[in-house]
Amino acid sequence: MSGLPRSRFFPPAETADEHGIVLVGGDLSPDRLLDAYRHGIFPWPMFDDDQPLLWWSPDPRAIFEFDRFYVSRRLARTVRSGRFKVTSDRDFSGVLLGCACAGNRRESTWLTANMIRAYRRLHEMGY
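Throughout what follows, the structure given in this document is the object of discussion.

Conventions we followed
- Residues numbered from 1 in each chain as written.
- Predicted model: local features only at pLDDT ≥ 70, side-chain atom pairs only at ≥ 80, totals over all residues.
- Heavy atoms only, no water.
- Salt bridge = Lys/Arg side-chain N within 4 Å of Asp/Glu carboxyl O.
- Buried < 20%, exposed > 50% of the residue type's maximum accessible area, 1.4 Å probe, protein only.
- Core = buried A, V, L, I, M, F, W, Y, C linked by side-chain atoms within 4.5 Å.
- Helix = DSSP H or I, 4+ residues; strand = E, 2+ residues; numbered from the N terminus.
- Contact = heavy atoms within 4.5 Å.
- Pairing = 2+ DSSP bridges.
- Patch = residues over 30% accessible without salt bridge, like charges linked within 9 Å, V, L, I, M, F, W, Y side chains within 5 Å.
- Areas by Shrake-Rupley, 256 points an atom, 1.4 Å probe, with all protein chains shown as cover.
- Disulfide = S-S within 2.5 Å.
- Phe/Tyr/Trp six-rings, centres within 6.5 Å; stacked < 30°, edge-to-face > 60°.
- Axes fitted to C-alpha atoms, helices over the stretch in contact; angles between N-to-C directions.
- Parallel < 35°, antiparallel > 145°, perpendicular 65-115°, else oblique.
- Left-handed = near helix turned anticlockwise from the far one by under 90°.
- Nonpolar A, V, L, I, M, F, W, Y, C, P; charged D, E, K, R; others polar.

## Describing the pattern of salt bridges
Point 1. Scanning the entire structure with this criterion turns up 2 salt bridges.
Point 2. Residue Asp-27 is joined to Arg-32 by a salt bridge in which the shortest nitrogen-to-oxygen separation is 3.1 Å.
Point 3. You can call Arg-32 buried: its relative accessible area is 15%.

See the structure below:
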């Protein structure tokens, strides 16, 4: 990720192994999470808070840069049509829990209890 200072916690994302793993271990502190996301790295635990945390940066990877996000006329028209309700910051915890428990994810979600706590904390901090 050009233009960014070197990560305080992670090797460069380009050093990921063939599966996309950059690092094993660490914690979900706000500083570490923000540093990871700024460098194209994200945590993805192995479905259990007792297992070491894995940090990933697969190639290719989709990254949405919202400061450059362009809403096409068709998308804007679809949003205005009323077919969908578009909201933000209405129920962050509810969305997290919904993603963790939806359908058949109850026993196989990446959103472990530690992940949910970490993302709630980031949200409370304004991220």
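## Overview of the nonpolar core
Point 1. Leu-28, Leu-33, Ile-41, Trp-55, Leu-111 and Tyr-119 are the most contacted members of the largest nonpolar core, which totals 18 residues.
Point 2. Elements with a minimum of two residues in this core: helix 1 (30–38), helix 3 (92–101) and helix 4 (113–124).
Point 3. Here the element with the most residues in this core is helix 4; it accounts for 5 residues.
Point 4. Setting aside chain neighbours within four positions, we find Leu-111 in contact with Leu-96, Cys-99, Ala-100, Ile-116 and Tyr-119.

## Points about the sheet that holds strand 3 (residues 54–56)
Point 1. Overall, antiparallel pairing links the 3 strands, which are arranged 1-3-2 in an open sheet. Pairing within the sheet leaves two strands with one partner each, and these edge strands are strand 1 (21–24) and strand 2 (42–43).
Point 2. Direction of pairing for strand 2 relative to strand 3: antiparallel, over a ladder of 2 bridges. Among the inter-strand pairings, Phe-42 is bridged to a residue of strand 3, identified as Trp-56.

## Some words on a nonpolar patch on the surface
Point 1. Among the surface-exposed residues, Phe-64, Phe-66, Phe-69, Val-71, Leu-75, Val-79, Phe-84 and Val-86 lie close enough to one another that they form a single nonpolar patch of about 840 Å² accessible area.
Point 2. By secondary structure assignment, the location of Val-86 is in the loop between helix 2 (73–80) and helix 3.

## Structural notes on the state of the cysteines
Point 1. Taken as a whole and assessed by the stated rule, the structure comprises 0 disulfides.
Point 2. Sulfur of Cys-99: no disulfide; nearest cysteine sulfur belongs to Cys-101 and is 9.7 Å away.

## Thoughts on the packing of aromatic side chains
Point 1. Under the definition given, this model contains 4 aromatic pairs.
Point 2. By way of ring pairs, the aromatic residues Phe-9, Phe-10 and Trp-55 are connected into one cluster.

## Observations regarding the packing of helix 3 against helix 4
Point 1. Axis separation between helix 3 and helix 4 bottoms out at 10 Å; the angle between their running directions is 155°. Put simply, helix 3 runs roughly antiparallel to helix 4. With respect to the hand of their crossing, helix 3 and helix 4 are arranged in right-handed fashion. Taken together, the residues of helix 4 that come into contact with helix 3 (itself represented by Phe-92, Ser-93, Leu-96, Leu-97 and Ala-100) are Ile-116, Tyr-119, Arg-120 and His-123.
Point 2. For the contact of helix 3 with helix 4, the per-class residue count stands at 6 nonpolar, 2 polar and 1 charged.

## Quick look at the packing of helix 1 against helix 4
Point 1. Where helix 1 meets helix 4, the closest approach of the two axes is 10 Å, and the angle between their N-to-C directions is 85°. Classified by the interaxial angle, the pair formed by helix 1 and helix 4 is roughly perpendicular. Across the interface between the two elements, Pro-30, Leu-33, Leu-34 and Tyr-37 from helix 1 touch Ala-118, Tyr-119, Arg-121 and Leu-122 from helix 4.
Point 2. Per-class residue counts for the contact of helix 1 with helix 4 are 7 nonpolar, no polar and 1 charged.

So far we have only geometry, and geometry alone does not tell us how the molecule works.
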